[in-house]
Amino acid sequence: MDKKTVKKINRRQVVVFVVLISAMIVMTFSSLIYVGKWADEAWEITDKSYEQFERHYILISDSDEDTFWEKVYEEARNYGEAEGVYLEWGGRELTMDYLKEELMKIAIASNVDGIILEGDGSEGVRELIDEAVDHGIPVVAVMTDSYDSKRQSFVGIGNHDLGREYGRQIIRIANKNTEDALILMDTSVEDSGQNLIYNGIKDTLDNEGNHLNLELKTLAFNEDSPFGEEEAIRKLFLNKDELPEIIVCLNEKNTISAYQAAIDYNLVGKVKILGYSDADIVLSAINRNVIEATIVVDAKQIGSSCMKALDEYIETGHVNDFFTMDVNVITSNNVEGYLKNAAEQDEE
């Protein structure tokens, strides 16, 4: 190859190299401009959406999957946003499952401005409530009270009155030939609330249902696994000879488990279920006459009342000791009206 040819090749290589470098510079420069513009826009969006909250509250419940608590949280969060209060649902976004006591300790260490707590009768929870209050953090117990603690207020329902409502529904669906009604109890709940419900049912049957001859029974589940109660209910339905004629469920989980077991084992109509929830699956079961009735507490009323109680105490130093919430009974006679009213409220 002669020298002229070699020079031409070298020049071509140089030209190609220069063109490639130039193209890379242009692309890099353009990318930097794009990224910078995107970052400016992202910062502008973040800056616009950023809100300054005056207070930080935390909701701590036994379950973060229950439909009822979903509604409580949503209503409380919406109320808080309008009042400059940020509400966190303790443990919900965490990868690990924390006990209620652990979440209380985290809330105290974080020095939140207020705690909404699904209480219970355990000594550990009572001590943590007192510790929070001693640190200047007000606590509102919700749905289940923590008696003999320093909590500022309780928002919920009277368990004895709730039992009386269950008792009235038992009287409505029972007859002289009904032999027994079984109440499903939860041994993981350390409080006297279930006992008060039982006493309310018993008192109502004694006073208003003395024409009946049924025996009131209880079944307490020992929840050894995440599916402990569900498995126990399915075993109950498998033993058809000893299956009670009426089953009373005191929470959403047991209500749904009893409904599914009645479907799976073809026992619809042979066992009458009284539930506790307004989850879609429960309302559908009432429409299909698989569940006789369900008792519902106004979750939205609960959510806003908890926030108001904390706000009132922080602002004035005083708050009512007890806020009683509304209770509704849903049957096949009024389920459509209930759904219609709920839909209208959601639209508002």
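Refer to the structure above for everything that follows.
Residues numbered from 1 in each chain as written. Predicted model: local features only at pLDDT ≥ 70, side-chain atom pairs only at ≥ 80, totals over all residues. Heavy atoms only, no water.

J.: Would you mind showing me how to read the nonpolar core here?
T.: Generally speaking, soluble globular proteins have nonpolar side chains that are buried together. Core analysis: the largest hydrophobic core is formed by 49 residues, its most contacted members being Met143, Tyr166, Ile170 and Ile302. The element contributing the most residues to this core is helix α10 (residues 299-316), with six residues. In this structure, Leu182, Ile256, Leu283 and Val290 belong to the second largest nonpolar core, which totals 28 residues. (Core = buried A, V, L, I, M, F, W, Y, C linked by side-chain atoms within 4.5 Å. Buried < 20%, exposed > 50% of the residue type's maximum accessible area, 1.4 Å probe, protein only. Helix = DSSP H or I, 4+ residues; strand = E, 2+ residues; numbered from the N terminus.)

J.: Got a minute to help me understand unusual backbone geometry in this structure?
T.: Excluding glycine, residues mostly have negative phi values, and the peptide bonds linking residues are mostly trans. If you check the backbone angles, Met143 has positive phi at about 70 degrees while not being a glycine. Along the polypeptide, Met143 turns up in the loop between β4 (139-142) and β5 (153-156). Owing to a relative accessible area of 10%, Met143 belongs among the buried residues under this scheme. The residue Asn289 is not glycine, and still its phi comes out positive at about 60 degrees. With respect to the helices, strands and loops of the structure, Asn289 is situated in the loop between α9 (280-287) and β10 (293-297).

J.: In this structure, what is going on with the packing of aromatic side chains? I would like to understand it.
T.: By convention here, two paired aromatic rings are described through the distance between centres and the angle between planes. Under the definition given, this model contains four aromatic pairs. Ring centres of Tyr73 and Trp89 lie 5.1 Å apart, and the angle between their planes is 35 degrees; this geometry places the pair in the tilted category. With a gap of 16 residues between them, Tyr73 in helix α2 (residues 67-83) and Trp89 in strand β2 (residues 85-89) connect regions that are remote in the sequence. Ring geometry for Phe154 and Phe322: centres 5.1 Å apart, planes at 50 degrees, overall tilted. Here the residue Phe154 occupies a position in strand β5, and Phe322 occupies one in strand β11 (residues 322-324), the gap between them amounting to 168 residues. The exposure class assigned to Phe154 is buried, which follows from its relative accessible area of 3%. (Phe/Tyr/Trp six-rings, centres within 6.5 Å; stacked < 30°, edge-to-face > 60°.)

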